[in-house]
Structures are given as C-alpha cells and as structure tokens.
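Next come the chains, spelled out residue by residue.
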Amino acid sequence: KNEVEQSPQNLTAQEGEFITINCSYSVGISALHWLQQHPGGGIVSLFMLSSGKKKHGRLIATINIQEKHSSLHITASHPRDSAVYICAAFGNEKLTFGTGTRLTIIP
Amino acid sequence: EAEVAQSPRYKITEKSQAVAFWCDPISGHATLYWYRQILGQGPELLVQFQDESVVDDSQLPKDRFSAERLKGVDSTLKIQPAELGDSAMYLCASSLYQGRTEAFFGQGTRLTVV
C-alpha cells in the first residue's frame, strides 16, 4: 500500500465545474505539497501547507492533520487546468509522492 | 526567478548505450534530489545529496546508475548501460537544506530507450 494515496486517478469534467482532488497519507508529515505536472513533464509547486487552508487564484488547498487528509479544489475550471496533479508528503526528511490525478477539462 | 535547470529536456538512446543527465539546483541550495517517474506513477527518489555527500541512494540501481555532485553544486546522473525499462522522466529537485520542507523542481529529462 502506497503511503500516499490520491483519488480519483482520472477526472474529466466540463469547463466551469468545481473540481476536488483528494490525498490521504499514512506517514507522519511536517508538510504536504500539491504539484502540477503538464504534458512535457515539468513540475510546478502549487502549494505547500502544514495546516489549515491556502488559496491562490482559483486554487484552494486544505489539510486536516488529524485525519491525514488533504484536498485540492479548483473553482471555475478551465481547459488550461488540464494536467496531472500530484500530492507529496514531506516526512522523515523525504518526500513521498502520490501517483497523481490526471485532470481533463473539456471546453 | 531562480529555478532548477536540467538538461537535456529529451533524450533518445539505444539500449546498452550510456546516457547522462545534468542538474543545476537553485543557487545556495544544499540539498539535491534525483527522482525517476515512470509513466502513470508518482516520482520515486533515486538519490539525495547534502552538499557533495550522498545521504540516501537506497533506491538507486547501483549496477548501472551513478550520481555525483563533486563540488556540491551541480549534479550528474548517469546510466550505463541503458535498458528499455529505464525509459522514464528523470526529475531533479533542490531545497535550501536537508529537512527544509520546500522543494523546487526542474523541468525534467524525458528518456526514451529504444
């Protein structure tokens, strides 16, 4: 069992829909990253959080330390949001990655 | 804006050939990571450096993979000989120091072994 589990693995939605991607982890962490990976492979860090909620534009990330769960939300989704979203838990001085959620937004 | 530089972006090589990837971390970042990402999976750590020293290479296939960071700045990851199963994205990341939770990623090198 992977220490970091994401759901869903694939998500297709219509433009404008509210998107939620979930991440559960079993390790003790000091921080959790949400990363975006576009075709071509480069990874961009969206958020790093250790408690509560962070917001950047249409993206919102939340984390519940007690439940070992984090969510990434996208409001008013747009085709340019199509990418793979990866959560990564930082604990014991290393990053453990989830397998990613492939998001496709249809115009 | 400071970024982690990797080259090449894409590499196609024949099996049994040698291949090398280069990473230049953000200036001043002491910790450097090499990850391998197989299509459809999350990245997995190959090797972690603290300055010029290897602190974790437990997942590095040492019979064919080697990594160095001689001056504690840029790093090279080598595969010799390459095998078909090595086809993957190779990602480099850096952080200010070991234990620092914020990591910055390069664009990656996509390797195809034919």
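The preceding data block contains the structure.
The shown structure was predicted, so the numbers you read here are calculated from the model rather than taken from an experiment.

**Here's the deal with the overall build of chain A**
Part 1 of the argument: Each helix and strand in chain A was counted, giving zero helices and 11 strands.
Part 2 of the argument: For chain A, the succession of helices and strands along the chain, N to C, is β-β-β-β-β-β-β-β-β-β-β.
Part 3 of the argument: Taking 2.2 N^0.38 as the reference for a compact globule, 107 residues should give roughly 13 Å; the C-alpha atoms of chain A span a radius of gyration of 13 Å, in line with that estimate.
Part 4 of the argument: Across its three principal axes, chain A shows a C-alpha extent of roughly 40 × 25 × 20 Å.
Part 5 of the argument: For chain A, long-range pairs separated by at least 24 residues make up 53% of all intrachain contacts whose partners lie at least 6 apart in sequence.
Part 6 of the argument: In chain A, 9 side chains carry a positive charge and 7 a negative one; their mean positions are 4 Å apart.

**Considering the sheet that holds strand E1 (residues 4-7) of chain A**
Residue and element names in this part refer to chain A.
Part 1 of the argument: Read from one edge to the other, the open sheet built from five strands follows the order E1-E3-E8-E7-E6, with strand pairing classed as antiparallel. Of all strands in the sheet, those bounded by a partner on one side alone are E1 and strand E6 (52-56). Mean inter-strand twist for the sheet, computed between neighbouring axes without regard to direction, equals 15°.
Part 2 of the argument: As judged from the five bridges shared by E6 and strand E7 (residues 59-64), these two strands associate in the antiparallel manner. Paired with lysine 54 across the strands is alanine 61, a residue of E7.

**Focus on the interface of chain A and chain B**
Part 1 of the argument: Contacts between the two partners involve 17 residues from chain A, matched on the other side by 22 residues from chain B.
Part 2 of the argument: Between chain A and chain B, a total of about 1,600 Å² is buried, with carbon and sulfur atoms accounting for 59% of that surface.
Part 3 of the argument: In terms of surface lost to chain B, no three residues of chain A exceed Ile43, Glu93 and Phe97 of chain A, which account for 31% of the buried area on that side.
Part 4 of the argument: At the boundary of chain A with chain B, the tally comes to zero salt bridges.
Part 5 of the argument: Secondary structure elements with two or more residues in the side of chain A that touches chain B: strand E4 (31-37), strand E5 (43-49), strand E9 (83-91) and strand E10 (94-97) of chain A.
Part 6 of the argument: No other element matches the four residues that E4 of chain A contributes to the side of chain A that touches chain B.

What counts as what
- Residues numbered from 1 in each chain as written.
- Chains lettered and ligands numbered in written order.
- Predicted model: local features only at pLDDT ≥ 70, side-chain atom pairs only at ≥ 80, totals over all residues.
- Heavy atoms only, no water.
- Helix = DSSP H or I, 4+ residues; strand = E, 2+ residues; numbered from the N terminus.
- Rg over C-alpha atoms; globule rule 2.2 N^0.38 Å.
- Contact = heavy atoms within 4.5 Å.
- Lys, Arg positive; Asp, Glu negative; His and termini not counted.
- Charge placed at Lys NZ, Arg CZ, Asp CG, Glu CD.
- Pairing = 2+ DSSP bridges.
- Axes fitted to C-alpha atoms, helices over the stretch in contact; angles between N-to-C directions.
- Buried area = accessible area lost by both parts, 1.4 Å probe.
- Salt bridge = Lys/Arg side-chain N within 4 Å of Asp/Glu carboxyl O.

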